[in-house]
Amino acid sequence: GNAYTDPGATAFDEFHGDTPVSASSDVDVTTVGSYTITYTATDLDGNTASATRTVNVVDTTAPVVTVTGTNPVTVELGGSYTDAGATATDTSGTVTVVTTGADAVDPDTLGSYTVTYTSTDPSGNVGTATRTVNVVDTTVPVFTSSSTFIVDEGATAVGTVTATDIQTVTFSISGSDDLTITSAGVLTFVTPADYEAQSDNPKELPYDGSTYDITATVTATDASSNAATQVITVSIRDVGGIDDKAE
């Protein structure tokens, strides 16, 4: 693909001095190969001499591989991945690209994957390029349980908080010393539920079906530290009137 400028040749004849030289050449710089240039000189007496030069047209330049599309590319966990491929150019003409690693990208498994594109020209020169595919989880859990629980006083068990996520979810609770939650979402009272605990003077409380409501914030966190919160209300119903504190 590069230009070739021939430096030529000279001839000197013992009887006639400097003698013109003619050259014949079939050098094709667009085609790899070995070419011969022949130089010929003829003196005034018709005597002819010749010399040759060998010109080797070689290709030592690797194809240039260009990644198509985004690089690096981010895929959400649980999604899908379609590789955008790559293109290659080379002075030898049209070259093909071989892709490896695209089938190994697992959108269901967090991690960083490498896709490699390789192009080899007819002279054996190899060009490569790579794409990084990052499978990440940026989606927060979604609560599927009710934000309201109703229990009778005296109860310890409240219920189970649930949330959906492609990864394992763990639960925590804040905002109330009366409630505790396991990492699996099982919600309980620290001590049995007490309707009268809301007041130092139980006689002043309504005993008409009203409830004592306790609120707290539950946090659901997945394995990638994506977190969602839900404010829950636990309503304690009175059972049997003033029954937990002395009148």
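Here the structure is shown first, and the text comes after it.
Residues numbered from 1 in each chain as written. Predicted model: local features only at pLDDT ≥ 70, side-chain atom pairs only at ≥ 80, totals over all residues. Heavy atoms only, no water.

A.B. asks: Would you mind going over the layout of surface pockets with me for this structure?
C.D. replies: With a probe scaled to a water molecule rolled over the atoms, the places where space remains empty come into view. Of the pockets and cavities examined, the largest pocket occupies roughly 400 Å³. Gly 1, Val 29, Val 57, Val 58 and Asp 59 are the residues nearest the centre of the largest pocket, which is lined by 19 residues in total. For the lining of the largest pocket, the per-class residue count stands at eight nonpolar, ten polar and one charged. (1 Å grid on protein atoms, 1.4 Å probe; cavity = no way out; pocket = protein on both sides within 12 Å on 5 of 7 lines; lining within 4 Å. Points joined across faces, edges and corners; volume = space filled by probe spheres on them. Nonpolar A, V, L, I, M, F, W, Y, C, P; charged D, E, K, R; others polar.)

A.B. asks: Teacher, can you tell me more about the nonpolar core here?
C.D. replies: Where a protein is soluble and globular, its nonpolar side chains tend to be buried together. Core analysis: the biggest nonpolar cluster contains 23 residues, and Val 158, Phe 171, Leu 179, Leu 187, Phe 189, Val 234 and Ile 236 have the highest contact counts within it. Going through the elements one at a time, strand 13 (148-152), strand 16 (169-174), strand 17 (179-181), strand 18 (186-189), strand 19 (211-222) and strand 20 (227-237) are the ones with two or more residues in this core. Setting aside residues up to four positions removed in sequence, Phe 171 forms contacts with Phe 143, Val 161, Thr 162, Ala 163, Ile 181, Thr 182, Ser 183, Ala 184, Gly 185, Val 218, Thr 219 and Ala 220. (Core = buried A, V, L, I, M, F, W, Y, C linked by side-chain atoms within 4.5 Å. Buried < 20%, exposed > 50% of the residue type's maximum accessible area, 1.4 Å probe, protein only. Helix = DSSP H or I, 4+ residues; strand = E, 2+ residues; numbered from the N terminus. Contact = heavy atoms within 4.5 Å.)

A.B. asks: I would appreciate a short explanation of the sheet that holds strand 17 in the present structure.
C.D. replies: The strands making up a sheet associate through hydrogen bonds between their backbones, and the pairing can be parallel or antiparallel. One open sheet holds the three strands; their spatial order is 14-18-17, and the pairing between them is antiparallel. Since the sheet does not close on itself, it has two edges, and those belong to strand 14 (157-160) and strand 17, each with one partner. Across the sheet, the axes of successive neighbouring strands diverge by a mean angle of 20°, strand direction being ignored. Pairing of strand 17 with strand 18, which is carried by three bridges, proceeds in the antiparallel orientation. Looking at the pairing, Ile 181 lines up with Leu 187 of strand 18. (Pairing = 2+ DSSP bridges. Axes fitted to C-alpha atoms, helices over the stretch in contact; angles between N-to-C directions.)

A.B. asks: Honestly, the sheet that holds strand 19 in this entry has me stumped. Any pointers?
C.D. replies: Taken in spatial order, the four strands of this open sheet run 13-20-19-16, and their pairing is mixed. Looking along the sheet, the strands with just one partner apiece sit at the ends: strand 13 and strand 16. Here the average twist between neighbouring strands, direction ignored, is 30°. Sheet topology note: the strand 13/strand 20 ladder contains five bridges and is parallel. Note that in strand 20 the partner of Asp 152 across the bridge is Arg 237.

A.B. asks: Looking at this structure, how should I read the pattern of salt bridges?
C.D. replies: Between side chains of opposite charge, a pair can form as their charged atoms come close. In total, this model carries three salt bridges according to the counting rule given. Across the salt bridge formed by Asp 6 and Arg 53, the nearest N and O atoms sit 3.3 Å from each other. With Asp 6 in the segment before strand 1 (11-13) and Arg 53 in strand 5 (residues 48-57), this residue pair connects regions lying 47 residues apart in the sequence. On the basis of relative accessibility, which here comes to 28%, the residue Asp 6 falls in the partly exposed class. The class of Arg 53 is partly exposed, set by a relative accessible area of 26%. Between Asp 152 and Arg 237 there is a salt bridge, with the nearest N and O atoms lying 2.9 Å from each other. Note that Asp 152 is positioned in strand 13 and Arg 237 in strand 20, a separation of 85 residues in sequence. A relative accessible area of 35% places Asp 152 in the partly exposed class. (Salt bridge = Lys/Arg side-chain N within 4 Å of Asp/Glu carboxyl O.)

A.B. asks: What am I meant to see in unusual backbone geometry here?
C.D. replies: Glycine aside, a negative phi is what most residues show, and trans is what most peptide bonds show. The omega torsion of the bond from Asn 71 to Pro 72 falls at 0°, within 30 degrees of zero and hence cis. Examined against the element boundaries, Pro 72 turns out to sit in the loop between strand 6 (64-67) and strand 7 (73-76). In this structure, Ser 225 is a non-glycine residue whose phi angle is positive, near 70°. Checked against the element boundaries, Ser 225 lands in the loop between strand 19 and strand 20.

A.B. asks: When you look at the side chain of Ser 176 in this model, what are you seeing that I'm missing?
C.D. replies: Locating Ser 176 in the fold gives a position in the loop between strand 16 and strand 17. Looking at Ser 176, its side chain comes within polar contact range of the main-chain nitrogen of Asp 178, at 3.1 Å. Non-local contacts of Ser 176, meaning those with residues more than four positions away in its chain, are made with Ile 214, Thr 215 and Ala 216. (Polar contact = N/O pair within 3.5 Å; in protein donor to acceptor, adjacent residues only side chain to side chain.)

A.B. asks: What am I meant to see in the packing of aromatic side chains here?
C.D. replies: Both the distance between ring centres and the angle between the ring planes are used here to describe each pair of aromatic rings. Overall, the coordinates contain two aromatic pairs when judged by the stated rule. Considering the side-chain rings of Phe 143 and Phe 171, the 6.5 Å spacing of their centres and the 50° angle between planes classify their relative orientation as tilted. Taken together, the residues Phe 143 in strand 12 (residues 142-143) and Phe 171 in strand 16 connect sequence positions 28 residues apart. For the pair Phe 143 and Phe 171, a shared accessibility class is recorded, and that class is buried. (Phe/Tyr/Trp six-rings, centres within 6.5 Å; stacked < 30°, edge-to-face > 60°.)

Geometric descriptors of this kind do not, in isolation, establish any biological role.
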